[in-house]
Amino acid sequence: MAKRWSVVCVALAVVFSSGAVVCQGEPQAEPARPKMGINLAGPADWNTELPFVDVFKLSRPWISQQKGKPWGQGPRLDLDEHGWVRSLQPDCWAETLLCTIDGGHYPSGRYTVFYDGKGKIEVGNAARIVEEHPGRLVIEVDSTKGAIFLRITQTDPADYVRNIRVIMPGFEEVYEKEPFHPDFLKRWAGVRCFRFMDWMETNGSRIARWEDRPVLEDATFCAKGIPLELMIDLCNRQKADAWFCMPHLADDEYIRKFAQLVKDRLNPELKVYLEYSNEVWNGMFEQSPWAGEQGIRLGFAEKPWEAAWRYTAWRSVQIFRIWEEVFGGRDRLVRVLPSQAANPYVSEQILSFQDAYRHADVLAIAPYISMNIHSSGDGPTAEEVAQWSLDKLLDHVENRSLPQAIEWMKRQKEVANRFGVGLVAYEAGQHLVAVGDANRNEKLVELLKQANRHPRMGNIYDKYFQAWEEIGGGLCCHFSSVGRWSQWGSWGLLEYADESPTQSPKFQAFQRWLKKWNSPVP
């Protein structure tokens with residue numbers, strides 16, 4: 001997944017020439033008890049976590065096909081408000097992919113396909129039809145062949161094919177009441193908080209109004225994200241707090257109705273972490289320049305990056321107040337002001353702008369064990385690192401990257417203490433990434449994957465989590481849960497849903513500290 005490397009903008013050149021904000025006389029935050037959370041992998045047809053027993057939930061948005069035309073070059077599809085195909089032109093069909101996962105890392109066997117309406121559904125590649133009845137198919141799937149192709153070749157415009165469900169073997173009788181795969185629930189049992197940044201498709205979100213939100217009736221959750229109802233359901237089942245990232249374009253009505261649904265349905269014993277968007281300070285995401293434009297328009301700053309920081313503080317406080325009104329107080333809310341781990345100055349600017357810290361509970365950072373490898377420039381280059389032994393790479397991570405991450409933690413905890421707020425990690429873990437065209441160096445990419453698989457990485461994680469505990473950090477949300485490692489990074493604790501956790505030193509370290517931190521207080 002092309003998730004992340006931190007973009008360091010020109011703004012940071014002024015950081016250390018500016019005076020630090022010091023809040024004399026402000027109370028320090030109460031000592032925190034660390035807790036373990038997780039960032040769940042986002043919806044995609046190549047999602048290897050397989051959270052739902054209905055694999056159509058993560059199908060690719062419909063692809064328009066036409067006889068005699070190249071792939072995907074059919075006419076614009078006639079879709080309803082939920083993305084279902086209402087009609088087809090002659091010699092055309094709508095196609096989608098499910099479980100685009102290589103290596104047989106999803107279940108083979110007989111899947112049941114349910115649908116409403118009248119028409120014809122065909123399957124291909126890894127699947128073949130073995131039973132066919134109106135509204136119901138049984139398909140035989142061989143996952144070693146890769147993705148399942150599903151296409152609608154005929155549909156009745158008066159009663160078009162819709163509400164397609166493709167249910168994994170053994171779940172056809174229970175999928176409506178038990179939408180989550182039991183292995184998914186078991187894997188994250190005991191996690192104290194789910195951060196739903198990727199489930200909400202936060203980066204570059206186009207959601208502005210309540211009417212724009214994803215709903216359960218949508219053809220796929222890969223267009224706008226996973227519905228709030230399912231996020232709440234997951235937290236209730238797992239007895240885990242929820243961390244929601246409010247879309248950067250969302251209006252006040254969206255915020256209010258989102259909060260009301262959470263209040264109505266989330267277990268009242270659970271807390272809600274509230275964050276405005278994700279990494280608004282990071283110029284690689286669309287929300288950053290947009291927030292900068294808004295901040296300049298409001299007169300917060302002349303420089304777009306400073307305007308974005310201040311707009312983050314301003315809009316966050318507005319969002320906090322709406323949630324407080326809906327919840328009738330803030331006892332169940334954890335109000336988050338996010339910042340850049342490597343830069344305490346950014347944290348000071350966000351916390352101090354219009355006294356935003358007075359309306360917040362925590363400062364949130366992502367203190368990654370960071371090693372961003374470029375083709376040229378300062379530090380070891382991609383060509384150099386590709387020639388290193390695995391031990392030399394891990395030595396660098398342990399002796400350079402880890403101490404740097406710990407120093408970021410300490411400096412940010414000092415800032416948080418001065419402003420009387422707690423410190424949490426919205427993301428955490430290793431950050432070994434080949435940046436830009438460096439990710440074309442296959443030898444380097446493979447070396448980084450090997451480092452993530454090595455037992456020493458588990459030991460490095462132990463030291464990392466120990467440091468977080470010692471500096472007084474609170475909730476620590478690892479990024480990410482399950483995802484295939486690639487040239488874009490090795491973010492997942494596991495690569496596949498069927499991977500043995502005992503083979504992942506990262507996952508084992510995560511579990512050790514989860515059990516230590518998340519066990520009930522004696």
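A brief structural summary. (Residues numbered from 1 in each chain as written. Predicted model: local features only at pLDDT ≥ 70, side-chain atom pairs only at ≥ 80, totals over all residues. Heavy atoms only, no water.)

**A word on the overall build of the protein chain**
Broken down by element type, the protein chain carries 11 helices and 20 strands. Computed over its C-alpha atoms, the radius of gyration of the protein chain comes to 24 Å, within 12% of the 24 Å expected for a compact globule of 522 residues. Principal axes of the C-alpha set define a box for the protein chain whose edges measure 75 × 55 × 50 Å. Across the 522 residues that make up the protein chain, the buried fraction comes to 59%. By sequence separation, contacts in the protein chain at least 24 residues apart represent 76% of the contacts at least 6 residues apart. (Helix = DSSP H or I, 4+ residues; strand = E, 2+ residues; numbered from the N terminus. Rg over C-alpha atoms; globule rule 2.2 N^0.38 Å. Buried < 20%, exposed > 50% of the residue type's maximum accessible area, 1.4 Å probe, protein only. Contact = heavy atoms within 4.5 Å.)

**Focus on the packing of aromatic side chains**
Overall, the coordinates contain 36 aromatic pairs when judged by the stated rule. With centroids separated by 6.3 Å and ring planes inclined at 15°, the aromatic side chains of F184 and W199 adopt a geometry described as stacked. Here W199 lies in the loop between strand 12 (193-195) and helix 2 (228-238) and F184 lies in helix 1 (residues 182-187), a separation of 15 residues in the sequence. Taking the centre distance of 6.0 Å and the plane angle of 55° together, the rings of F258 and W323 count as tilted. In this pair, F258 sits in helix 3 (residues 252-265) while W323 sits in helix 5 (residues 304-327), placing the two residues 65 residues apart along the sequence. Lying over the aromatic face of Y160, R162 brings its terminal NZ or CZ to 5.6 Å of the ring centre. (Phe/Tyr/Trp six-rings, centres within 6.5 Å; stacked < 30°, edge-to-face > 60°. Lys NZ or Arg CZ within 6 Å of the ring centre and 35° of its normal.)

**Focus on unusual backbone geometry**
Residue S480 is reached from F479 by a cis peptide bond, and omega for that bond is 10°. When you line up the elements, S480 lands in the loop between strand 20 (475-478) and helix 11 (505-518). The phi angle at N125 is positive, at roughly 60°, despite the residue not being glycine. Of note, N125 is situated in strand 7 (residues 119-125). A positive phi angle, near 50°, is found at N163, a position not held by glycine. Its place among the elements puts N163 in strand 11 (residues 162-167).

**Some words on the packing of helix 3 against helix 5**
As a packed pair, helix 3 and helix 5 sit with axes 9 Å apart at the nearest point and diverge in direction by 40°. By the angle between their directions, the pair helix 3 and helix 5 is classed as oblique. Regarding helix 3 and helix 5, the two cross each other, and that crossing is right-handed. Residue-level contacts link D252, I255, R256, F258, A259, Q260, V262 and K263 of helix 3 to R315, I319, I322, W323, E325, V326 and F327 of helix 5. The residue inventory of the contact of helix 3 with helix 5, partitioned by class, reads nine nonpolar, one polar and five charged. (Axes fitted to C-alpha atoms, helices over the stretch in contact; angles between N-to-C directions. Parallel < 35°, antiparallel > 145°, perpendicular 65-115°, else oblique. Left-handed = near helix turned anticlockwise from the far one by under 90°. Nonpolar A, V, L, I, M, F, W, Y, C, P; charged D, E, K, R; others polar.)

**Looking at the environment of K35**
Position of K35 relative to the elements: it lies in strand 1 (residues 35-39). Residue classification places K35 among the buried residues on the basis of a relative accessible area of 17%. Remark: the alpha-carbon pair of K35 and E469, spanning 434 residues in sequence, is separated by 9.2 Å. When residues no more than four places from it in sequence are discounted, the contact partners of K35 are R192, D241, Y273, G474, L475, C476, W517 and N518.

**Here we look at the sheet that holds strand 10 (residues 148-155)**
With antiparallel pairing, the four strands of this open sheet are ordered in space as 2-5-10-7. Either end of the sheet is taken by a strand with one partner, and the two such strands are strand 2 (63-66) and strand 7. Within this sheet the neighbouring strands show an average axis-to-axis angle of 30°, counted without direction. Here strand 5 (residues 92-98) pairs with strand 10 via five bridges, running antiparallel. Paired with E95 across the bridge in strand 10 is R151. (Pairing = 2+ DSSP bridges.)

**Topic: the sheet that holds strand 9 (residues 136-141)**
Pairing is antiparallel across the open sheet formed by four strands, whose spatial order is 8-9-6-11. Whereas interior strands pair on both sides, the edge strands pair on one side only; in this sheet they are strand 8 (127-133) and strand 11. Adjacent strand axes in the sheet meet at a mean angle of 20°, parallel and antiparallel pairs treated alike. Of the pairings in the sheet, the one linking strand 8 to strand 9 comprises six bridges and is antiparallel in character. Following the sheet pairing, A127 is matched in strand 9 by V141.

**Section: the packing of helix 4 (residues 287-297) against helix 5**
Two numbers describe how helix 4 lies on helix 5: the axes approach to 7 Å, and their chain directions differ by 85°. As the angle between them shows, helix 4 and helix 5 are arranged roughly perpendicular. Contacts between helix 4 and helix 5 pair S288, W290, A291, G292, Q294, G295 and I296 from the former with P304, A307, A308 and Y311 from the latter. Class assignment for the residues of the contact of helix 4 with helix 5 results in seven nonpolar, four polar and no charged.

**Here's the deal with the nonpolar core**
The nonpolar side chains of a soluble globular protein tend to be buried, and buried together. Counting residues in each nonpolar core, the largest one holds 135 residues, and the members touching the most others are W188, F196, W243, F244 and W323. Here F196 is in contact with L40, T202, M231, L234, C235, A242, W243 and F244, once residues within four sequence places are set aside. With 38 residues, the next largest nonpolar core counts L50, Y115, L150 and V161 among its residues. (Core = buried A, V, L, I, M, F, W, Y, C linked by side-chain atoms within 4.5 Å.)

**Topic: the environment of E407**
Note on placement: E407 falls in helix 8 (residues 390-419). Spatially, the C-alpha atom of E407 lies 61 Å from that of E131, the residues being 276 residues apart in sequence.

**Description of helix 2**
Counting buried positions over the 11 residues of helix 2 gives eight, a clear majority of the element. Among all positions of helix 2, only L228, E229, L230, M231, I232, L234, C235 and Q238 are buried. Buried residues in helix 2 make contact with helix 1, strand 12, strand 13 (241-246) and helix 3. Where helix 2 ends, the next residue or the one after it, K239, has phi of about 55°, a positive value.

Treat this as a map of the structure, not an account of what it does.
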